[in-house]
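Inside the fold
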Amino acid sequence: MDKLESLLDRLEKVVLCLESSPDTGMNRCPQTRTQFTSKGDPKSSNSLKEYDDLISGPLAEFLTLSKKIGGDVKEQSDLVQKCFVCQRQIIENAAQHGKPSESHLEGLLKQCGEPISAVVQYKDKKRSSQYFNHLSAVAESILALGWVSVTPAPAPYIQNMQEAAQFFINRVIKDFKEKDPQHLAWTKALTSLWDGLRDYVRKNHTTGLSWNVNGTPCPSTGGGVPAPPPAFSDADLVAPAAPSGDPTRNALFAELNRGEGITAGLRKVTDDMKTHKNPELRAGAGPQPRSGPPQKAPKPTASNNGTKQATPVMELRGNKWVVENYQNQHLKITETEPKQTVYVYKCVGCTIEVKGKINSIMIEKPLPKQGRWQ
C-alpha cells in the first residue's frame, strides 16, 4: 500500500505540472517524465520505463482534461488512474520475477481486475449524468487493461476494446463539437491513451505479459490455494453419548460399547447343525407345501347397478348439430342450413327427424334396428 500511495503522489505531481504549463502539448514538463522510472534500480527494465512514460504522458494528459471538465468525468478519471497504477505493479513484478503458478498469477491479476470493475460500476450508477457518454466511453475502453491475461495476441485485444468505445466517443464529439472544444480534446486524449498502450504492448509484450526468466520467485499475494481442512482426530470418531433420559437407548449403547464381549452369549453351531454337512436337514429346511386343494381366485361379479346413463345432448355447435345419449325418443332438428352437419353418438331406439337440407350426417355408432331416420 505504501508503494501504491507513493505512485499516486508522483502522478499527482505530474498532473499539477501539466495544469500549470501554458503549453497544451502532451510532451510538456519533460523533467517529470522520469519521475516514475527507476534508473538506479538494477531490477528495472525497458518495459517498466516505457510504461512509466505512458503514465506520465498520455495518462497524465487525460487526467488533466478530465479534471478541467470536472464532475462525474473527474471522479471516474480518478478510478482510471488507480487502474494504471495497479497495473504498473504487475508489470514491475513481471520485470523482477519469474512467472508464478496459475493460482498465484490469478491472485496478481485480481488486483488489476477490481479497480477496472469499479470504473464500470461507476458508469452504471450515473446513468442520469449529463456526461454519461463520457463515462460510457471510458467504461467500455477500460477493459483494454485486461490485456495482461490475454495470450497470444494482447495488442489486438486492446484495439477491440478501443473500437467498442468509439460509438460513445463519436457521440461526445457530436454533442460538444460546437459547444466546448475542451471535450473534443478530451476524446483525443482518451484515444491517444489507448493508442499508446497498444503500441507499448505490441513492443514489449507481443505474445502476452513478459516475465523475467532469470528473476526471483514472485512473492505471495495471499491469493493462493487455501489450506486443506484439518484431519479428523480420535475425538471426532467417538460415538455420541446417548441422552440420559431414555433407559432403552442407554442400554443399547452400553451393549455396543462392550466390544468383542457382545458375542459371548451366542451359541456355537456344531457340525450336526450345519445343512451343508447333513443332507437330511436340507430336505426339510424349505417351506412346506399347504395341504388341501389349491385355492382359486374369486371371479369378479357383475354390478347390479348397470351402466350409468350419460346426460342427453342436442345442440348446435358452430355448424354442427350434436345429438348424444338419447334412448327411445323421437327427435327433430328443424332449423337447418346447407352448410351444417349432424353428428349422432350413442342414441338407442331413437327416431331423428331432420328438416331441410344439410351437408352431411355422421353416426359414431350405428343405430339399432328399431331406430330410423326421416
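Looking at an unreviewed UniProt entry, one finds the protein named C-CAP/cofactor C-like domain-containing protein, with Opisthorchis felineus as its source organism.

**Some thoughts on the sheet that holds strand β4 (residues 341-345)**
If you trace the four strands from one edge of the open sheet to the other, you get β1-β2-β4-β6, paired in mixed fashion. Each having just a single partner strand, β1 (313-317) and β6 (360-363) make up the two edges of the open sheet. Strand-to-strand twist of the sheet, defined as the mean angle between neighbouring strand axes without regard to direction, takes the value 15 degrees. Both β4 and β6 contribute to a ladder of four bridges, which runs parallel. Each residue of the ladder has a partner; that of Tyr-343, found in β6, is Met-362.

**Remarks on the packing of aromatic side chains**
Applying the stated rule across the entire model yields eight aromatic pairs. Ring geometry for Tyr-343 against Tyr-345: centres 6.5 Å apart, planes inclined by 10 degrees, an arrangement best described as stacked. Under the relative-accessibility criterion, Tyr-343 is labelled buried at 15%. Overall, the relative accessible area of 24% leaves Tyr-345 in the partly exposed class. Within the aromatic cluster, the residues linked to one another by ring pairs are Tyr-51, Phe-84, Trp-147, Trp-194 and Tyr-200.

**Re the packing of helix α5 (residues 132-141) against helix α7 (residues 181-204)**
One way to put it is that α5 packs onto α7 with a least axis distance of 12 Å and a crossing angle of 0 degrees. As the angle between them shows, α5 and α7 are arranged roughly parallel. Contact with α5, carried on its side by His-134, Ala-137, Val-138 and Ser-141, involves His-183, Trp-186, Leu-190 and Trp-194 of α7 and no other residues of that element. Looking at the contact of α5 with α7 residue by residue, the classes come out as five nonpolar, three polar and no charged.

**What about α5?**
An α-helix turns once every 3.6 residues. As a result, residues three or four positions apart point the same way. The buried fraction of α5 amounts to nine of the 10 residues, a majority that puts the element mostly inside the structure. Those residues of α5 that fall on the buried side of the exposure criterion are Phe-132, Asn-133, His-134, Leu-135, Ser-136, Ala-137, Val-138, Ala-139 and Ser-141. Packed against the buried residues of α5 are α2 (46-69), α3 (71-96), α4 (102-125), α6 (154-176) and α7.

**As for the pairing of β4**
Most of β4 is tucked away: four of the five residues are buried. Where strand β2 (residues 320-324) lies against β4, five bridges are found, and the strand directions are parallel. Along β4, the bridge assignment pairs Glu-324 with Tyr-345.

**Regarding the packing of α3 against α7**
The packing of two helices is summarised by the inter-axis angle and the distance between the axes. Running from amino to carboxyl end, α3 crosses α7 at an angle of 10 degrees, the nearest separation of the two axes being 14 Å. Considering the angle they form, α3 stands roughly parallel to α7. Side by side, α3 and α7 meet where Val-73, Phe-84, Gln-87 and Ile-91 of the first sit next to Trp-186, Leu-193, Trp-194, Leu-197 and Tyr-200 of the second. Of the residues assigned to the contact of α3 with α7, the class counts are eight nonpolar, one polar and no charged.

**Quick look at the environment of Gln-130**
With respect to the secondary-structure elements, Gln-130 resides in the loop between α4 and α5. Separated by 58 residues in the primary sequence, Gln-130 and Asp-72 have C-alpha atoms spaced 8.8 Å apart.

**Comments concerning the nonpolar core**
Core analysis: the largest hydrophobic core is formed by 49 residues, its most contacted members being Phe-62, Phe-84, Trp-147, Trp-194 and Leu-197. Excluding its chain neighbours within four sequence positions, the residues that come into contact with Leu-197 are Tyr-51, Leu-54, Gln-87, Ala-144, Leu-145, Trp-147 and Ile-158. Listed in part, the 11 residues of the second largest apolar core include Trp-321, Tyr-326, Val-342 and Val-344.

Conventions adopted
Residues numbered from 1 in each chain as written. Predicted model: local features only at pLDDT ≥ 70, side-chain atom pairs only at ≥ 80, totals over all residues. Heavy atoms only, no water. Pairing = 2+ DSSP bridges. Helix = DSSP H or I, 4+ residues; strand = E, 2+ residues; numbered from the N terminus. Axes fitted to C-alpha atoms, helices over the stretch in contact; angles between N-to-C directions. Phe/Tyr/Trp six-rings, centres within 6.5 Å; stacked < 30°, edge-to-face > 60°. Buried < 20%, exposed > 50% of the residue type's maximum accessible area, 1.4 Å probe, protein only. Parallel < 35°, antiparallel > 145°, perpendicular 65-115°, else oblique. Contact = heavy atoms within 4.5 Å. Nonpolar A, V, L, I, M, F, W, Y, C, P; charged D, E, K, R; others polar. Core = buried A, V, L, I, M, F, W, Y, C linked by side-chain atoms within 4.5 Å.

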